[in-house]
Amino acid sequence: MYLRPKNRHILVQPVDSDTAAEQTTPSFVLPDTYQKKDDHVVAKVLEKADDCTLTVSIGDTILVPSNMLLDISHDKTQFQIVLENYVLGVLYRDR
């Protein structure tokens, strides 16, 4: 299955972070199903809409707010897209 984004959306794949979570003792009890979400997600650009004005290329690594990622499930395939307005920046290794 393939998704071609439209209307200024960008198809992304979140990148797993290598940072380990800090071990702390909580001062209150949380449900077992609780999972702390990061405020921002690092994601790889897989595809972008033709009308996207953001200067990103396929394969670029971008930073987006985690609550702005749209999860789409169709025919047992998962997609994640984000509107170009919510891209906070492009990450580069060298300056």
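Each remark here, short or long, concerns the structure printed above.
Participant: Would you explain unusual backbone geometry in this entry?
Facilitator: Peptide bonds are mostly trans, and most non-glycine residues show a negative phi. The residue Arg8 is not glycine, and still its phi comes out positive at about 65°. With respect to the helices and strands, Arg8 occurs in the segment before strand 1 (9-14). Look at Asp75: it is not a glycine, yet its phi comes out positive at around 55°. Secondary-structure assignment places Asp75 in the loop between strand 4 (70-74) and strand 5 (77-83). Residue class for Asp75 comes out exposed when judged on its relative accessible area of 57%.

Participant: Looking at this model, I keep getting lost on the environment of Ile81. Mind explaining?
Facilitator: Tracing the sequence through the fold places Ile81 in strand 5. On a C-alpha basis, the gap between Ile81 and His9 in space is 6.3 Å, while along the polypeptide they are 72 residues apart. Contacts of Ile81, omitting those with residues within four sequence positions, involve Leu3, His9, Ile10, Leu11, Met68, Leu69, Leu70 and Ile72.

Participant: I would appreciate a short explanation of the sheet that holds strand 1 in the present structure.
Facilitator: The strands that make up a sheet are held in pairs by hydrogen bonds between backbone atoms, and each pair lies either parallel or antiparallel. Sheet architecture is open: 6 strands sit in the order 4-5-1-2-3-6, paired in antiparallel fashion. Of all strands in the sheet, those with a lone pairing partner are strand 4 and strand 6 (89-91), marking the two edges. On average, each strand axis in the sheet is tilted by 50° relative to the strand beside it, whichever way the strands run. Across 4 bridges, the pairing between strand 1 and strand 5 is antiparallel. Within the sheet, the bridge partner assigned to His9 lies in strand 5 and is Leu83.

Thresholds, definitions, all that
Residues numbered from 1 in each chain as written. Predicted model: local features only at pLDDT ≥ 70, side-chain atom pairs only at ≥ 80, totals over all residues. Heavy atoms only, no water. Helix = DSSP H or I, 4+ residues; strand = E, 2+ residues; numbered from the N terminus. Buried < 20%, exposed > 50% of the residue type's maximum accessible area, 1.4 Å probe, protein only. Contact = heavy atoms within 4.5 Å. Pairing = 2+ DSSP bridges. Axes fitted to C-alpha atoms, helices over the stretch in contact; angles between N-to-C directions.

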